[in-house]
Amino acid sequence: MSFRLDTGGRFIDRSKPRSFTFNGKAMRGFEGDTLASALLGQGQMLVGRSFKYHRPRGIVASGSEEPNALMNLGRDKTFEPNARATTTELFDGLEAESQNHWPSLEFDIGELNAKLSRFLPAGFYYKMFLWPRSFWKHVYEPIIRKSAGLGRAPRHRDADHYEHFNATVDVLVVGGGIAGLQAAKAAGEAGAEVLLIEQGAHWGGRAPVDGAVIDGVPAAEWVEATVAALGAMPNVAIRARTMGAGVYDHGYALAYERLTDHAPDPSLPRHRLWRIRAGRIVTATGAIERPLSFAGNDLPGVMLASAVRDYVTNYAVAPGKCVVVVTNNDDGYRTALTVQEAGLEVVVLDARSEANGPLAEQARAAGITVRVGRGIESVKGKGKVEKVWVCDQTRDGSNPDPIKADCVAMAGGWSPVVHLWSHCGGKLSWQEDGAFFRPDPERAPNGADGAAFVLAAGAANGELETAAVLTDAYVAGARAAAEAGATGTAGAAATADVELSEPMLPVWNMPERASYALRSKAWLDYQNDVKVTDVELAAREGFESVEHTKRYTTLGMATDQGKLSNINGLAVLAGALDQEIPKVGTTTFRPPYHPISMGAIAGEARGALFQPVRQTPMYDWHDANGAHWEPVGHWRRPYAYVKPGEDVHAAVKREVLATRNSLGLLDASTLGKLVVKGPDAGKFMDMMYTNMMSTLPVGKCRYGLMCSENGFLSDDGVVARMDDDTWLCHTTTGGADRIHAHMEEWLQTEWWDWKVYVANVTEQYAQVAVVGPNARKVLEKLGGMDVSKEALPFMQWAEGAIGQFSARVFRISFSGELSYEIAVPASQGRAFWDALLEAGSEFGVTPYGTEALHIMRAEKGFIMIGDETDGTVIPQDLGLNWAISKKKEDFLGKRAQERDHMTDPLRWKLVGLETLDGSVLPDGSYAVGEGVNDNGQRVVQGRVTSTYFSPTLERGIAMGLVELGPDRMGEVIAFNRVDGTFVQAKIVDPVVFDPEGEKQNV
Amino acid sequence: MLILKCPYCGVACDETELHAGGEAHLTRHGPGSSDADFEEYLFMRENPRGVHFERWRHVYGCGKWFHAARDTATLEVFGTYSAQVAEPPKDVRAAITAKVPGWRWRDLS
Amino acid sequence: MSEAVSAVQGASASGFVDVAEAGLVGMVTIRGDLGDSDFAHAVWSVTHCGLPKKRGIAAGESDQLLWMSPDELLLVCAHEEAEARVQALSAALSGQHHLVVNVSDARAVFRVSGSGSAVREAMAKVTPADLRPRILGVGEVRRTRMAQVPAAICFDGEDQATIVCFRSVGTYVFDLLVRSSKPGSEVGHF
């Protein structure tokens, strides 16, 4: 059982005890502990259940590669699932619980799955649950959902907040080990602006634990001095607890800073996502140790050798009293020496036939038993390591001899962390001695300048010895600085003694000729429960591509992204396929390197800042007067103003009737207003609109249509001629920015020699539609300009004063009523609105929202962009031929509208629809025809585009597109309802209110 | 995420400040054109792995459209230039040739 | 004339920088041929400002001209003067191809002030623009975005920046800046 040692621990402060709970049980650790080291310090080896077989699992690693120790942290509004105990810094009051167990961690019913494991091989989902078909939904899926999975999804709104930060630097160095420090120092000395980031809380990486000596002093001292030196350089910024998460095109990188995870403070941002633009990126991300594949290698107590010495050295935690180090290389002896020095028993099993390097000799000299040519046949124990069966590595594992042990330290060799190098297309090459993939500098990710923008350094570049790491990092840092434009010279590189070592021996199966029974208990991917035999099965079944094998077996697809399992899995696949490992290749590395929080990705964009909400000058009035909001683009417009005791339908009805009978007000400020001016503006307007705009007399208004070059209707609105060379175009609310961009595009990229300027003045004006039989009376009451029929007839505009407001008044109507649309400067919009309300009170003035607007326009048969149009509708479909000039040689969309399909008489065309029973047609309903089509679907002959209850007519009204519709007036056709029934509707004229226009033209 | 230098205001723009506008140097065919020409103009687009010419708009900046010559595979940018030209200028073509000898794009080379 | 109000009615807040709406500011968009001496002369006759350099600002006695694009300037003046400037510029530019419109009320203007690099740090949380002093110096106009909306940024000095955005998103931009400058969230990078 693991326990806390009496002395030592680089990171912990024994004078600061910290209390926390695990599965509700009170536990204690120290300041500086990770949750993992604190759990081990308390003897808690069992930390979770595996994904598929619910096998008991313990802590394997000491860093972000940890596959097993995933925790639910916190509760309620600060709850977070799937947090790694190894990267969770301990604080007072931390609450953790293990995952994927039921009913308890110690007694788990799902463990039965393990007994059934031979019935649950790779791909079992695909094979077992096919028949009977109905069982999937009602039996298999609910059971699988309950027993599989990791942490549970949070149920509460996250109480924390998050932010982004944009930074541009010459050189980004990822990784704060000795390579990163050396690279940053070299780049900084050369004069580059450098940002150095480290995922953990400590600088220096592994070197202090591994006993490196740099520039003649212990690595820890060199690290401290170098961090201080970097901190003093004005052009270098260093940041711990900040992980390089992803590398993207053109030097873009994401980094994930954890500000308060180690010391929760709800007033501060929890995480900060750095969006970095770097000239060059140095990845000094180190290397990860590989496990060895022997039977029972997933029992709690089996750990990476490097993790064992991390826990002993950094946290003074012994993972066991009797440690078996099983290794295929010299580095494993460092762990043996460390644990022996801590007073633990240790035996080394070296898979190599000989081990005579300096470290092995040192171990022997220290009295450690070293057995060469040996491997582990199996590890046995009930829920933890109890006995290790030792065998000849080169044979099949027969005749093993037992050793009593409670911890196994696996030293399977090292794999460079190549993730960031690979994210943006960097390729790898296989290094035979060391048996790992390393970055291939000839095939680096290229930047905008066509040169490599990522440089790997140190262990991440395949250099595993201290001296080589420092030299490599120095070169990378200096080169990155020079390529990013720095002109200074880096100082000297740090030096270290050359560490002699003997070659490692790649070991993919232990023992080499392990039987099926042994291989089927040898785990490759702990988190997704993938074993050696699963990968072999995939190969046998024809999944020869590594990408296919990955998906079939789920190897490397868990939240650790195969950090431990990747190379071992590839090697097993290569072996099964009888291929070279580099031929098999790797799966694709994708960001983020390690999971990052959703909150960090969202940054500030949540709650009120989720999206910009565009507000008109009258927004506060609407909000205070019952506005039921409707989003229109980013705008918020009142759908209706709901009064106390009223529902929204009643409000809409009241607004329509009040407007039709007396006086309504609409906040029309959101309508687009574009000024088009210049000597060629008339010519340009004629290209933009389907109708003739160049002939519009000054002072007049004209309704116009705009089409895309593909012929489809894109926007509509009233155009006013301001003066000789100036037009004012009104667009739809959603169309202002789009149509402005559309105009600029044609002016800049096609007709750049035309003298036309366009300006978007939408927000300069607050615009109010004053609508209804009493519209003129209220304006006359306010006084100012002459708004009589004679002075300002229908479809004209004038400039002047309304009351004390300078205004532009347009006599246009979208409701069929007497109507003035009045634009005043936005800064006076609210005052103008208030003045209209006050003057209109004697007429029962009623502000109305978008729904009343829609109903009144539909009663008049006016189309609405987005309702009657959907990007496939041409003006001719809507009976708008009158607004399409036949005189003009050209306008946008004209050529397209000449195509066969556009002139097909069978195109669906706009009509009014009147239900026989007066009901409201369902929105989106289709008119059914006779028979079925080739796909066996009911033939359709039309569809509803707008449908409302008309308070004016007290029945349903609708418009729709119907095949040969205008030729079928009076015919009754059937429309479907969602419940499968049909409703009969008569084809009628779309204009159902005041067809002669007597009300608006007064 | 690309960075393209706007040739009008000189700013090195983040991709999120730009609007992508598809293929560059199309010839408009309007009324009177053949079906084949119109189809070519409206729908047919190059999709090269390598040298490409594109339209971009500095939408969150000066608002100007410009052209970019870049490699769709390596993301190398050979140059950005005025929107008011019917084909890439000589210096941009020379820059491409220096990096990608023998390149072809539609009828350019 | 009724009393005019600005987008967020002069709201202000203090975090590790101070954020305040500047109130109503006169703004006039001027489009024309910036390379034409007649254009420069006409603009001078009204504003008493020379033409600004690319991305720069030219200041006169009371007016400023901001370079917006190769054919666009933004005249900044007193709010109550804007309409008169529009009339005067239109008259002075008659005969040249130009466009002059009052956009004073279409904008919201914010001042962000604080010591050291605090102003740049607060803004770097929401804009992708490279805000390093040697790239975006004092007196230069950078049009970019603030989170999800367009904005123009200009450092008036190291301790103050002016932000211009559309009026309708004034509340959004104000809230963004308040959020970005929350005490304790200093980054310490610049």
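Calculation criteria
Residues numbered from 1 in each chain as written. Chains lettered and ligands numbered in written order. Predicted model: local features only at pLDDT ≥ 70, side-chain atom pairs only at ≥ 80, totals over all residues. Helix = DSSP H or I, 4+ residues; strand = E, 2+ residues; numbered from the N terminus. Buried ≥ 20, exposed ≤ 12 C-beta atoms within 10 Å, placed from the backbone. Contact = placed C-beta atoms within 7 Å. Arc of directions from axis to C-beta. Domains from an automatic or database assignment. Nonpolar A, V, L, I, M, F, W, Y, C, P; charged D, E, K, R; others polar. Pairing = 2+ DSSP bridges. Axes fitted to C-alpha atoms, helices over the stretch in contact; angles between N-to-C directions. UniProt positions renumbered as here; feature names shortened; annotations may be inferred. Core = buried A, V, L, I, M, F, W, Y, C linked by C-beta atoms within 7 Å. pLDDT = per-residue confidence, 0-100.

Caption draft 1: Fine view of the overall build of chain A. When helices and strands are counted, chain A shows 26 helices and 51 strands. Expressed along its principal axes, the backbone C-alpha trace of chain A runs to roughly 115 × 70 × 55 Å. Residues classed as buried in chain A amount to 56% of the 1002 residues present. Taking contacts inside chain A between residues at least 6 apart in sequence as the whole, the part at least 24 apart equals 66%.

Caption draft 2: Up close: helix H23 (residues 775-782) of chain A. All names here are of chain A. Buried within H23 are the following residues: Ala775, Arg776, Val778, Leu779 and Leu782. Seen end-on, H23 carries its buried residues on one side only, within an arc spanning 165°. Tucked inside the fold, the buried residues of H23 contact strand S41 (765-771), strand S42 (797-802), strand S44 (819-825) and helix H24 (829-840). Where H23 ends, the next residue or the one after it, Gly783, has phi of about 85°, a positive value.

Caption draft 3: Looking closely at the environment of Ala798 of chain A. Residue and element names in this part refer to chain A. Inspection of the secondary structure puts Ala798 in strand S42. Looking at Ala798, the number of C-beta atoms within 10 Å reads 15, which means it is partly exposed. When the C-alpha positions of Ala798 and Phe810 are compared, they lie 6.7 Å apart, and in sequence the two are twelve residues distant.

Caption draft 4: Representation of the domain arrangement of chain C in the model. Residues and elements named next belong to chain C. When cut into domains, chain C gives domain 1 (12-23 + 106-180) and domain 2 (26-104). One C-alpha centre belongs to domain 1, the other to domain 2; they are set 24 Å apart. Taken together, the contacts link six residues of domain 1 with eight residues of domain 2. Residue classes in the side of domain 1 that touches domain 2 are distributed as three nonpolar, one polar and two charged.

Caption draft 5: Main features of the interface of chain C and chain B. Opposite the ten residues of chain C that make contact, chain B presents eleven residues. The set of elements that each furnish at least two residues to the side of chain C that touches chain B consists of strand S5 (64-69) and strand S9 (141-146) of chain C. With three residues, S9 of chain C is the largest single contributor of residues to the side of chain C that touches chain B. A breakdown of the residues in the side of chain C that touches chain B according to their chemical character gives four nonpolar, two polar and four charged.

Caption draft 6: Quick peek at the pairing of strand S40 (residues 757-760) of chain A. Residues and elements named next belong to chain A. Residues of S40 alternate between two faces, with Tyr757 and Ala759 on one and Val758 and Asn760 on the opposite face, all of them buried. Judged from the four bridges that link them, strand S36 (residues 672-677) and S40 form a sheet pairing that is antiparallel. Residue pairing across strands places Lys677 opposite Tyr757, the latter belonging to S40.

Caption draft 7: Representation of the sheet that holds strand S11 (residues 160-166) of chain C. All names here are of chain C. What the six strands build is an open sheet, ordered S1-S2-S8-S11-S10-S9; its pairing is antiparallel. Looking at the sheet topology across the chains shown, the edges are occupied by strand S1 (12-14) and S9. When strand polarity is set aside, the average angle formed by the axes of neighbouring strands in this sheet is 20°. Pairing between strand S2 (residues 18-21) and strand S8 (residues 107-113): four bridges, direction antiparallel. Of the residues in S8, the one forming a bridge with Asp18 is Ser113. On top of the sheet, helix H4 (residues 170-180) reaches S1, S2, S8, S9, strand S10 (149-157) and S11; it is set at about 15° to S8, its chief contact.

Caption draft 8: Representation of the interface of chain C and chain A within the structure. Taken together, the 39 residues of chain C in the interface contact 39 residues of chain A. At the level of elements, strand S3 (26-31), strand S7 (99-102) and H4 of chain C are the ones that each hand at least two residues to the side of chain C that touches chain A. The element best represented in the side of chain C that touches chain A is H4 of chain C, accounting for five residues. Class assignment for the residues of the side of chain C that touches chain A results in 18 nonpolar, twelve polar and nine charged.

Caption draft 9: Examining the UniProt feature "domain: GCVT N-terminal" (unreviewed entry) in chain A more closely. Annotation from UniProt places "domain: GCVT N-terminal" (unreviewed entry) at residues 618-888 of chain A. Helix makes up 27% of residues 618-888 of chain A and strand 29%, whereas the separation of the span's terminal C-alpha atoms amounts to 41 Å.

Caption draft 10: View of the nonpolar core. Core analysis: the largest hydrophobic core is formed by 382 residues, its most contacted members being Val171 and Ala187 of chain A together with Val173 of chain C. Here Val171 of chain A is in contact with Ala187, Ala192, Val194, Ala278, Gly279, Arg280, Val282, Ala480, Ala481 and Ala484 of chain A, once residues within four sequence places are set aside.

Caption draft 11: Highlighting the confidence of the model for chain C. Per-residue pLDDT for chain C averages 96, and the proportion of residues at 70 or more is 99%. This complex was scored by the predictor with a pTM of 0.94 and an ipTM of 0.98.

Caption draft 12: Spatial organisation of unusual backbone geometry. Geometrically, the link from Met510 of chain A to Pro511 of chain A is a cis peptide bond, its omega value of -10° lying close to zero. Examined against the element boundaries, Pro511 of chain A turns out to sit in the loop between helix H12 (466-483) and helix H13 (516-519). Omega for the peptide link from Pro591 of chain A to Pro592 of chain A comes to 0°, which places this bond in the cis form. With a phi close to 50°, Arg106 of chain B is a non-glycine residue in the positive phi region. With respect to the helices and strands, the residue Arg106 of chain B is situated in the segment after helix H2 (90-99). The exposure class of Arg106 of chain B is exposed, given the 12 C-beta atoms found within 10 Å. Located in the positive-phi region is Gln9 of chain C, a residue other than glycine, with phi close to 50°. Looking at where Gln9 of chain C falls in the secondary structure, it is placed in the segment before S1.

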